[in-house]
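Observations on the three-dimensional arrangement
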Amino acid sequence: MDLLSSTFAISASALRAERIRIDTVATNLANAHTTQTVEGGPYRRKTVLFAARALDEFGQMLDDLGRSARPAGVDVTDVVEDATPPRMVFDPGHPDANPEGYVAHPNVDPIVEMVDLQAATRAYEANVQVVNATRRMSDAALSIIG
Amino acid sequence: MPSTLIDPTLEGVARALTVHARRHGVLAENVANLETPGFHARDTDFRRALEAAFSTARAGEAAPHVETVREDTSVPPRADGNTVDLDLQMAQLSDNASRYGTLSRILAKRLALIRHGIEGAR
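Attention in this report is confined to the structure presented alongside it. (Residues numbered from 1 in each chain as written. Chains lettered and ligands numbered in written order. Predicted model: local features only at pLDDT ≥ 70, side-chain atom pairs only at ≥ 80, totals over all residues. Heavy atoms only, no water.)

Some remarks on the overall build of chain B
In terms of helices and strands, chain B carries four helices and two strands. In sequence order, the secondary structure elements of chain B are arranged as α-α-β-α-β-α. The buried share of chain B, reckoned over its 122 residues, is 42%. The long-range share in chain B, meaning contacts at least 24 apart out of those at least 6 apart in sequence, stands at 69%. Working note: accessible area of chain B is about 6,700 Å², and carbon and sulfur atoms make up 57% of it. (Helix = DSSP H or I, 4+ residues; strand = E, 2+ residues; numbered from the N terminus. Buried < 20%, exposed > 50% of the residue type's maximum accessible area, 1.4 Å probe, protein only. Contact = heavy atoms within 4.5 Å. Areas by Shrake-Rupley, 256 points an atom, 1.4 Å probe, with all protein chains shown as cover.)

In structure tokens form, the structure reads like this:
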């Protein structure tokens with residue numbers, strides 16, 4: 001892989017990661033009032049974990065030889081549940097109410113989710129800009145022949 | 001290097017283009033890890049990278065690997081330990097891409113000039 005196409009791969013990994021993050025926010029908002037899940041209890045907010053992608057052995061060898069651009073990028077390593085306790089709402093008539101009359105609602109805060117959505121969208125857009133810059137550079141390199 | 005027989009500028013510009021392309025990759029990685037906790041922004045040490053690129057040209061053999069990418073310590077870490085500043089990165093990326101564009105234009109013009117010399121005025 002040449003220098004610029006590996007840059008496309010880096011940006012692609014980030015676009016994918018941010019998309020997973022946006023999907024997670026969408027899932028959280030969609031389930032903001034879900035009181036029943038297959039695991040039992042209310043829905044629990046999900047968050048994504050990002051980690052910088054490490055070079056594999058072959059990539060590291062090439063890199064040591066000064067033969068490749070830094071590959072890497074970013075990966076979503078896991079989607080974890082937010083451990084915050086559920087929000088208890090007094091609603092004795094609700095079928096999921098406990099003996100004291102409280103219903104456990106998901107620990108999803110729409111404001112937090114919207115902030116996360118905005119941040120993820122901006123990060124996505126930034127990476128799209130990088131892809132555009134890479135494309136312009138590739139075009140410039142191709143036009144040397146012309 | 002066969003191209004130096006015709007025009008040493010070609011080789012130089014080509015090497016400079018490679019340095020810029022590498023830097024673009026480093027900056028793209030920073031932007032990709034904008035939200036990765038604990039990620040440290042990096043940048044190409046331009047002087048060292050160019051020196052390394054040109055020392056290979058002189059020796060005419062595989063140069064020892066020179067680490068030309070260093071940590072960018074100009075920005076203090078955020079609460080999550082990340083040191084990527086989006087505005088700075090995008091500005092650097094844009095600047096680097098423009099330079100790359102300029103260099104490729106220079107290379108194209110230079111080649112056109114050589115072609116003109118070969119073909120002569122018709």
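What about helix 2 (residues 8–32) of chain B?
In this model, helix 2 of chain B (25 residues) spans 37 Å end to end at C-alpha, consistent with the 36 Å of a helix rising 1.5 Å per residue. By the criterion of burial, helix 2 of chain B is predominantly enclosed, with 20 of the 25 residues buried. (Expected span 1.5 Å × (residues − 1).)

Describing the nonpolar core
If you look at the biggest cluster of nonpolar residues, it comprises 29 residues, and the most contacted ones within it are Val74(A), Leu17(B), Tyr100(B) and Leu107(B). When contributions to this core are tallied by element, the ones reaching two or more residues are helix 1 (3–30), strand 1 (46–52) and helix 3 (110–142) of chain A together with helix 2 and helix 4 (86–119) of chain B. Tallying contributions element by element places helix 2 of chain B first for this core, with nine residues. Here Leu17(B) is in contact with Ile144(A), Tyr100(B), Leu103(B), Ser104(B) and Leu107(B), once residues within four sequence places are set aside. Of all hydrophobic cores here, the second largest spans five residues; its members include Ala123(A), Leu34(B), Phe39(B) and Val84(B). (Core = buried A, V, L, I, M, F, W, Y, C linked by side-chain atoms within 4.5 Å.)

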